[in-house]
Amino acid sequence: MKPILAMCAMLAIYTPALAESTRMLMPEGSKDVQLSLLGYFGPAAEGSSSKRLRILPMISAQWANGVFVRMNVIGMQLSDSGNMTYGVLLAPTMTYTSTRSRFTPEAGAYLSYHVAYGVELTSALMYGGSIDHRGLSLDLGVHLSMPVAEHHTMGLAAGAKLANRAALEANYGVTPDQASASMPVHAVDGGLRDTAFSANWRWEISTRYSLATTLAAHRLHGSAASSPRMEQPGGIGLATILTYHY
């Protein structure tokens, strides 16, 4: 479950905005449902040196009242502006201790700003989702896109995630009770957790079907990168998504 949640989080952050269309453009009482089949080849888990191929069904939806579901995120868009969108978010996370793992929710808000045609700045601030429920993280991203042919769009994206110590402790820290000969004690500090860069291509096959491919490079930094839990600090993943607009 942990690799799937990590993969969903990466795709949600480094692909364009959480709420792709503003609610003001949707007729009252309408909804937009998307059924997708995702193929992903990349690290078996964050920090893993082994690769794995996964094929997963996915569903996302948005309603005219602003509520949306995308991957592992539930949210509500509160803005009506075409250039700036913002709202609230709720997402599940998996928290690990030395004896067990459990789902813990994290809540927060997002803000996206369309600087110009094809240029968007995104951010998401989340709280919770750690052992002591005090984890705080901030995701920042920039997305560039442009049409290259009829029904074809290409884009680039870059992002960074900052987190406090509580948010990093469970996945990257090693306490004295958890330490062993192969895994020494490791204390974590808050700061820059990771950066990611991606290139994507999208093909609007018809009014119902679309195909998107994303090549993304992800790298850990600071005490997350030096954690003995991580075999290597970075990795590259390739994702292809076939989507049916219901």
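Residues numbered from 1 in each chain as written. Predicted model: local features only at pLDDT ≥ 70, side-chain atom pairs only at ≥ 80, totals over all residues. Heavy atoms only, no water.

1. Considerations on the overall build of the protein chain
The secondary structure content of the protein chain amounts to 3 helices and 12 strands. Taking as baseline every contact in the protein chain between residues at least 6 positions apart, the subset at least 24 positions apart corresponds to 55%. Working note: accessible area of the protein chain is about 12900 Å², and carbon and sulfur atoms make up 64% of it. (Helix = DSSP H or I, 4+ residues; strand = E, 2+ residues; numbered from the N terminus. Contact = heavy atoms within 4.5 Å. Areas by Shrake-Rupley, 256 points an atom, 1.4 Å probe, with all protein chains shown as cover.)

2. As for helix 2 (residues 165-172)
When you tally the buried positions in helix 2, you get 6 out of 8 residues, the bulk of the element. Residues Ala166, Leu168, Glu169, Ala170, Asn171 and Tyr172 constitute the buried set of helix 2. (Buried < 20%, exposed > 50% of the residue type's maximum accessible area, 1.4 Å probe, protein only.)

3. Some remarks on the pattern of salt bridges
In the structure shown here, the tally under the stated rule is 5 salt bridges. The residue glutamate 46 makes a salt bridge to arginine 193 at a minimum N-O spacing of 3.9 Å. Placement of the pair is glutamate 46 in the loop between strand 1 (31-43) and strand 2 (51-63) and arginine 193 in strand 10 (residues 191-204), with a sequence separation of 147 residues. On the basis of relative accessible area, glutamate 46 is assigned to the partly exposed category, the value being 24%. When its relative accessible area of 18% is taken as the criterion, arginine 193 is described as buried. The network of salt bridges with common partners includes Glu46, Arg193 and Asp194. (Salt bridge = Lys/Arg side-chain N within 4 Å of Asp/Glu carboxyl O.)

4. Structural notes on unusual backbone geometry
Unlike most non-glycine residues, histidine 133 shows phi in positive territory, near 60°. Along the chain, histidine 133 falls in the loop between strand 7 (119-128) and strand 8 (136-149). Phi is positive for histidine 151, close to 70°, though the residue is something other than glycine. Within the fold, histidine 151 resides in the loop between strand 8 and strand 9 (152-163). With a relative accessible area of 48%, histidine 151 lands in the partly exposed category.

5. Some details on the confidence of the model for the protein chain
On average, residues of the protein chain score 85 in pLDDT, and 86% of them are at 70 or above. Confidence over residues 13-19 falls short of pLDDT 50; this stretch has 27 contacts with residues more than four positions distant or in other chains. (pLDDT = per-residue confidence, 0-100.)

6. Let's talk about the environment of alanine 167
Here alanine 167 shows up in helix 2. Separated by 37 residues in sequence, alanine 167 and serine 130 have C-alpha atoms that sit 5.4 Å apart. Apart from the residues lying within four places of it in its own chain, the contact partners of alanine 167 are Ser130, Gly135 and Leu136.

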